[in-house]
Every structure is written in structure tokens, then in C-alpha cells.
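A look at the structure
Listed below are the residues making up each chain.
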Amino acid sequence: MCRKETLMDASNLHLLLDNAAILIASTIFYQVSTYINETYDQSSEVFDAFLFGVIGIFIMSLPYSPAIGLNIDTRSILIGLIAYIFGGKTSYFLMILLSIYRLVLGGDGAFIGVIIILVSGLIGFLFRKLNTKTFRIYSVLNFFLLGLSFYIFMTFSIMFMAKSEYVYAFKLLAIPLLIIFPVTTVIVGKLFMMQREQVNQLQLTRFAEKRFRSLFEQAQIGICYLDVNGNLINTNDYFNKMFQYSTDEIKGLNIKDLNDTTEYNKEYALNRLLNDTNTVDHTLEKPLIRKDSSSFWANVSVSRIRFNNEDIYMSTVIDISERKKAEEMMHYLNYHDQTTGLYNRHYYETNISTFDKPENYPLTIIKIDINGMKLINDAFGYEMGDTLVKRVVSLINPIVYNADMFCRFGGSDFIIIYSKVQKSYIDIIMAQVNHALANETIQNIKVSVSSAYAMKNDVEENLITILNKAEMRLSREKLIDTSSMLSRTIEIIMNSLYEKNSREMEHSKRVSYWCEKIAQRMNLDSHIV
């Protein structure tokens, strides 16, 4: 009678197929743990174990029982696959949970059931270890061999440890189980792997999004996104601080609202990019406007990005105000004399050719030189020399305010350029300069300068030749002016020396007396003596 009832149960094999189908269908719930993990940003290891435990209990609650006390289900497939694919705490927790549940169910096969649970997990761990060293990772063959291993172990367990009626019932199912277990293992294993790959891709994508968001928010340069009309879509904190707007205030602004409106700055980087469809980015340097209307120089870069079949634009803004100040200072020092603030010789040599045009004729070059500059520097020091130079410049500047160029050409000489001015006007300028310096003294030293000029009236004349003419005329002037100036300067030096030391005065007079006597005895001319 028992054999007949067992045979009748064997005809209900579809129940085992239903159990396998439930296992296959339940894999969809694995995605739930992914949602929990991503939503709450927590590790899903414990939740995975709990979820798989619920699935395992559900499968064990609907077993196929070919004999009383003999329950056959797909728990070994679930446990082995979890150990094989996930490993770690998830597998341990699942094995413990299902073992406890099997003991709670009781029956003659409870002990064998627990053994099958534990060994199925061990088989999964073994395959996991071999997978990284020998097998092709998570291949169909791997899953098939894993399912076959479950079947073989379950067969031996029932054959050698169970009652005779269990053995008889199991023999009737040997061939179907040989097909169901490996095939189900392959299907469920591949489903798990597909879902896990999707999860990994999702996690990588969200990690990339978080990393990009972090870089966007924490970047130490201004970053914004624009639509094709230049409206601000999104900005980072540094961008908002750079322009002194809050996040709410900057919403709705257009990039044009942040540009200054001077004539040289009307073309925007975004417009240039929109007008050139072959270019994906454009960079320029320009002044921008803050909320308080203050201006600052920035390096602005705009790039075209294709997103959801639409073009959006990413712009980076870097404050280069300090660099611009340094460049302006370098430019100033390159073309200006540090003592007087006038243009220097380098500026003259770089720019004089721009005046050498017929429409600027007559072009006049005025040369002015301070007499006795070397003697003053040697006798009174360079600070005295600089004071003298500054004083001369301060007196000449108001007179030549309308000159095309006024530069310090050397240590003591200056050049003044006039274009489209007649000789009569130049003569007036020269007279005014001489009059301004006529009675000027610094520490009892009379300020003396020599001056001359030359004019270019024809395009055939060489500008260097004109400068040489002015220098030759200046040299003749200096022969006349320098002698008296040197005599006065030496007298001042001697008087200064005498005031400080009376003994030096007596000594100098005695030396002068004997020098005169020696010169007379040598019959030297009176003008030499």
C-alpha cells in the first residue's frame, strides 16, 4: 500500500517544478534590496540575507513530498547560489535561518534537511573559491556543475542516511531531479548575475553622479550650466560667491547680466560658440560684474554638451584679477622709468615708429640733458641726483603736457616728441623750459639743463638721423653750459667742505698758493694758472 501511495505521489512531479518556478520568480525581489540600499545609502548585506531567508522559507513551505516526512524543494539551489555569488555574511545568515526553520518543521528528514542546507552552502563557497582560480567566472558550465553537485550530494544523503521508503521514492525521481536541479541552478544563477550586473552598473552610475556632484559643489572655480539662450540652469557655490549672489537670487539670471557693458566687451563667449557649430569649446578673458556692480577680470570657458538630445553649455569662470594686476604692473615697469614715472627708452624705441608718418610731419624730437649730473652723483650721492631729476621733470611736465611723448632716455637726458607742430611753437616750448629752470636751485646747486631739437619734414629722412642731429646740437649747447655749471658746482662742493672742516680750508688754500707759485716758475700761461 505504501509503495502504491508513493508511486501516486511521483505522478505529482509538477509540484517540484512549481517549487523551482517559485525560486526563479522570487529572484525579482533581489532588486528590492538594491532600492533599499540606494534609498537609505546603507549596506544591503543584512537586508539581502533577510530577503533571501524569506524566499527560502517560502520555498520550504511549499515542498514536494513523495513520501511522508520526505520534503524535496530547491532550497539547496538557493543556498548554494547565494554562497557562490554573494558569499560572506549573507550566506552565513541564510544558512542559519533556514536550518532553524527546518528543525522547527520537524519530521524524520529534519536532520538530513539541515545537513543538505549546510553542505549546499559549503559547495557554493568551494565553487566561489575555484571560480577565481580555475573556472571561467560565473559561466553556464559553472552553474550547471553547481546544480549537479547539489543533486549528487542530495542523492547520497538520501541513499545512505534515509529510510528505505524514502530511498524508493527518491529513485523514482532521480532522472527528473537530474534535469531540474542543474537547469534551475543555471537559470536562477544567470538571473542573479544579470540583476547583480545591473545593480553594479547602477551603483557605479550613482557613485559617478555623487562624485561629480561633489566635484561640482566643492570645486574652487565657478561652474554653471546654461541653455542656448544663456539662461543659468545650475551654478555651484563658488560661482555664487564669486558674483555675490545667493542660490535663489542667481536663478533666472542670464549670463549677459554678469558681463560688463563696455564697448570692447560686447561679444560673449557663448555667442561665439553658438555662431561656430564646428567648435565644442571657447575660452576668453574678460571683465565680469558682481552683484554690487564691482568689476573683476575672469577667464571664461564655455563648452557644448549634448544631453537628452539637446545642447546645453557648461561654463567655468576663474578669477584672474591678481594675475591681471601683476601683468599690468609688469607692463608698466617694462615701459616706465621707476624714478620719474615717465616713459623709458624701451617705450620710445618700441613706439617711435608709430609717429613716423607723413600725416604727423613736421615731427619734432627735443633732447634735454641735465648738466653736471655725474659730478653731482659722485659728490652728493645718487639720492641727490634722483632728487634733481625729479625736480627737473616736475618743472618741465606742465609745459609739455600736450606732447605726444615725454620719456627719460638715459640717466640725465630726456626726449620729447611733438607731431604736426611748427618750428615757432617748438621755440616757445624751449624758451618756457629754459625760463622755468633759470633760477631753480636744490641745496644751493643751480639746476642747469641743455636742450636742442631737430625736425623731420620729409618721408625720405631717417628718424635715427633726426635724433643724431638733435644730439649733435645738444652737445654744442653743453659745451657752453657745462663749463660754468661745473665751476659753480665745484665751488659749492668746496664751500660745503670748508663749512664742515676749517683745517681743510686752510690746507686747500696753502695747496692752491703753492700750485700757483709752481706754475709761475714753470712759465705756464696765465689762463692755465
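On a predicted model such as this, the values are computed, not experimentally measured, just so you know.

**Some remarks on the sheet that holds strand β10 (residues 413–419)**
Note: strands within a sheet are paired through backbone hydrogen bonds, in either parallel or antiparallel orientation. Pairing is antiparallel across the open sheet formed by 4 strands, whose spatial order is β9-β10-β8-β13. Looking at which strands have only one partner, the edges of the open sheet turn out to be β9 (405–408) and β13 (449–456). With strand direction ignored, the average angle separating the axes of adjacent strands in the sheet is 15 degrees. Across 8 bridges, strand β8 (residues 363–370) lies against β13 in antiparallel orientation. Within the sheet, the bridge partner assigned to Thr 364 lies in β13 and is Met 455. Against the sheet, helix α16 (residues 382–396) makes contact with β8, β9, β10 and β13, and its axis sits at roughly 145 degrees relative to β8, the strand it touches most. Where helix α17 (residues 423–437) meets the sheet, its contacts fall on β8, β10 and β13, and the angle it forms with β13 comes to roughly 170 degrees.

**A word on the confidence of the model for the protein chain**
Taken over all residues, the pLDDT of the protein chain has a mean of 80, while the share at 70 or more is 79%. Here helix α1 (residues 2–10) stands out as the least confident element of the protein chain, with mean pLDDT 42; β9 is the most confident, with 96.

**Regarding the nonpolar core**
Phe 52, Leu 78, Ile 85, Phe 143 and Phe 192 are the most contacted members of the largest nonpolar core, which totals 42 residues. Broken down by secondary-structure element, the contributors of at least two residues to this core are α2 (14–26), α4 (45–60), α5 (75–85), α6 (88–105), α7 (110–131), α8 (140–161) and α9 (164–218). A total of 8 residues in this core trace back to one element, the largest contributor, which is α5. Once residues lying within four places of it in the same chain are set aside, the contact partners of Leu 78 are Leu 23, Phe 52, Ile 55, Gly 56, Ile 59, Leu 94 and Phe 192. Counting residues in hydrophobic clusters, the runner-up holds 32 residues, among them Met 384, Ile 416, Val 421 and Val 433.

The rules behind each value
Residues numbered from 1 in each chain as written. Predicted model: local features only at pLDDT ≥ 70, side-chain atom pairs only at ≥ 80, totals over all residues. Heavy atoms only, no water. Pairing = 2+ DSSP bridges. Helix = DSSP H or I, 4+ residues; strand = E, 2+ residues; numbered from the N terminus. Axes fitted to C-alpha atoms, helices over the stretch in contact; angles between N-to-C directions. Contact = heavy atoms within 4.5 Å. pLDDT = per-residue confidence, 0-100. Core = buried A, V, L, I, M, F, W, Y, C linked by side-chain atoms within 4.5 Å. Buried < 20%, exposed > 50% of the residue type's maximum accessible area, 1.4 Å probe, protein only.

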